[in-house]
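Residues per chain are reported as follows:
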Amino acid sequence: MTIKDAMELWMKDHPETPVSFQTIRNWASKFGFGKKKNNLLPRSEWVIDAKKFKKFVEKPEQYLKRKES
(Lines give C-alpha, C1' and ligand atoms only; values in the text may rest on other atoms or scores of the structure.)
Protein backbone atom coordinates (compact mmCIF):
# COMPACT_ATOMS: atom_id res chain seq x y z
CA MET A 1 0.00 0.00 0.00
CA THR A 2 1.30 3.47 -0.81
CA ILE A 3 1.13 6.58 1.36
CA LYS A 4 -1.62 7.89 -0.92
CA ASP A 5 -3.67 4.70 -0.45
CA ALA A 6 -3.16 4.91 3.31
CA MET A 7 -4.29 8.55 3.31
CA GLU A 8 -7.45 7.64 1.38
CA LEU A 9 -8.23 4.80 3.81
CA TRP A 10 -7.73 7.14 6.78
CA MET A 11 -9.97 9.83 5.26
CA LYS A 12 -12.66 7.26 4.47
CA ASP A 13 -12.85 6.10 8.10
CA HIS A 14 -11.98 9.41 9.82
CA PRO A 15 -13.15 12.31 7.60
CA GLU A 16 -13.48 14.57 10.64
CA THR A 17 -9.72 14.28 11.34
CA PRO A 18 -7.65 15.11 8.26
CA VAL A 19 -3.95 14.26 8.37
CA SER A 20 -1.03 15.03 6.07
CA PHE A 21 1.19 12.64 4.14
CA GLN A 22 3.96 13.50 6.61
CA THR A 23 1.75 12.43 9.52
CA ILE A 24 1.10 9.07 7.86
CA ARG A 25 4.86 8.62 7.32
CA ASN A 26 5.58 9.55 10.95
CA TRP A 27 2.98 7.08 12.22
CA ALA A 28 4.28 4.36 9.91
CA SER A 29 7.77 4.80 11.28
CA LYS A 30 6.76 5.18 14.94
CA PHE A 31 4.21 2.35 15.10
CA GLY A 32 6.00 -0.03 12.74
CA PHE A 33 3.47 -0.49 9.95
CA GLY A 34 5.57 1.03 7.18
CA LYS A 35 9.08 1.70 5.93
CA LYS A 36 11.00 3.32 3.10
CA LYS A 37 11.71 1.22 0.05
CA ASN A 38 15.34 2.36 0.16
CA ASN A 39 16.71 3.95 3.37
CA LEU A 40 19.74 5.38 1.56
CA LEU A 41 17.61 7.65 -0.61
CA PRO A 42 16.08 10.59 1.28
CA ARG A 43 13.05 10.83 -1.00
CA SER A 44 12.42 7.13 -1.37
CA GLU A 45 8.80 5.96 -1.47
CA TRP A 46 7.20 4.48 1.62
CA VAL A 47 5.56 1.06 1.71
CA ILE A 48 2.72 0.60 4.19
CA ASP A 49 1.71 -2.83 5.49
CA ALA A 50 -2.01 -2.82 4.63
CA LYS A 51 -3.04 -5.31 7.31
CA LYS A 52 -1.27 -3.44 10.13
CA PHE A 53 -2.48 -0.05 8.90
CA LYS A 54 -6.11 -1.21 8.73
CA LYS A 55 -5.80 -2.37 12.34
CA PHE A 56 -4.41 1.07 13.24
CA VAL A 57 -7.26 2.87 11.43
CA GLU A 58 -9.88 0.80 13.26
CA LYS A 59 -8.64 1.85 16.72
CA PRO A 60 -6.11 4.69 16.45
CA GLU A 61 -6.69 5.74 20.06
CA GLN A 62 -4.91 2.58 21.24
CA TYR A 63 -1.77 3.71 19.45
CA LEU A 64 -2.06 7.45 19.94
CA LYS A 65 -3.00 7.38 23.61
CA ARG A 66 -0.35 9.11 25.70
CA LYS A 67 1.29 7.22 28.50
CA GLU A 68 0.06 8.36 31.87
CA SER A 69 2.75 9.30 34.39
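Summary of the structure given here. (Residues numbered from 1 in each chain as written. Predicted model: local features only at pLDDT ≥ 70, side-chain atom pairs only at ≥ 80, totals over all residues. Heavy atoms only, no water.)

1. A word on the overall build of the protein chain
- Per the secondary structure count, the protein chain includes four helices and two strands.
- The helix and strand sequence of the protein chain, counted from the amino end, reads α-α-β-β-α-α.
- Rg of the C-alpha trace for the protein chain: 12 Å, near the compact-globule value of 11 Å for 69 residues, within the 12% margin.
- With respect to the principal axes defined by its C-alpha atoms, the protein chain has extents near 35 × 30 × 20 Å.
- The 69 residues of the protein chain split such that 28% are buried.
- Taking the contacts inside the protein chain whose residues are at least 6 apart along the sequence as the reference set, 36% of them involve residues at least 24 apart.
- As presented, the protein chain carries roughly 5500 Å² of accessible surface, and 51% of it is formed by carbon and sulfur atoms.
- Averaged over its 16 positive side-chain charges, the protein chain has a centre that lies 7 Å from the centre of its 9 negative ones. (Helix = DSSP H or I, 4+ residues; strand = E, 2+ residues; numbered from the N terminus. Rg over C-alpha atoms; globule rule 2.2 N^0.38 Å. Buried < 20%, exposed > 50% of the residue type's maximum accessible area, 1.4 Å probe, protein only. Contact = heavy atoms within 4.5 Å. Areas by Shrake-Rupley, 256 points an atom, 1.4 Å probe, with all protein chains shown as cover. Lys, Arg positive; Asp, Glu negative; His and termini not counted. Charge placed at Lys NZ, Arg CZ, Asp CG, Glu CD.)

2. Quick word on the nonpolar core
- Core analysis: the biggest nonpolar cluster contains 15 residues, and Trp10, Ile24, Trp27, Phe33, Ile48, Phe53 and Phe56 have the highest contact counts within it.
- Elements that contribute at least two residues to this core include exactly helix H1 (3-13), helix H2 (21-31), strand S2 (46-48) and helix H3 (50-58).
- Of all the elements, H1 adds the most residues to this core, at five residues.
- Ignoring sequence-local partners within four residues, the contact set of Ile24 consists of Ile3, Ala6, Trp10, Val19, Phe33 and Phe53. (Core = buried A, V, L, I, M, F, W, Y, C linked by side-chain atoms within 4.5 Å.)

3. Remarks on H2
- Within H2, burial applies to Ile24, Trp27 and Ala28. Projection of H2 onto a plane perpendicular to its axis shows the buried side chains occupying an angular sector of 100°, all on one side.
- Where H2 is buried, its residues meet H1, strand S1 (34-36), S2, H3 and helix H4 (60-64).
- Following H2 by one or two positions, Gly32 has its phi on the positive side, about 75°. (Arc of directions from axis to C-beta.)

All we've got here are geometric facts, nothing functional implied.
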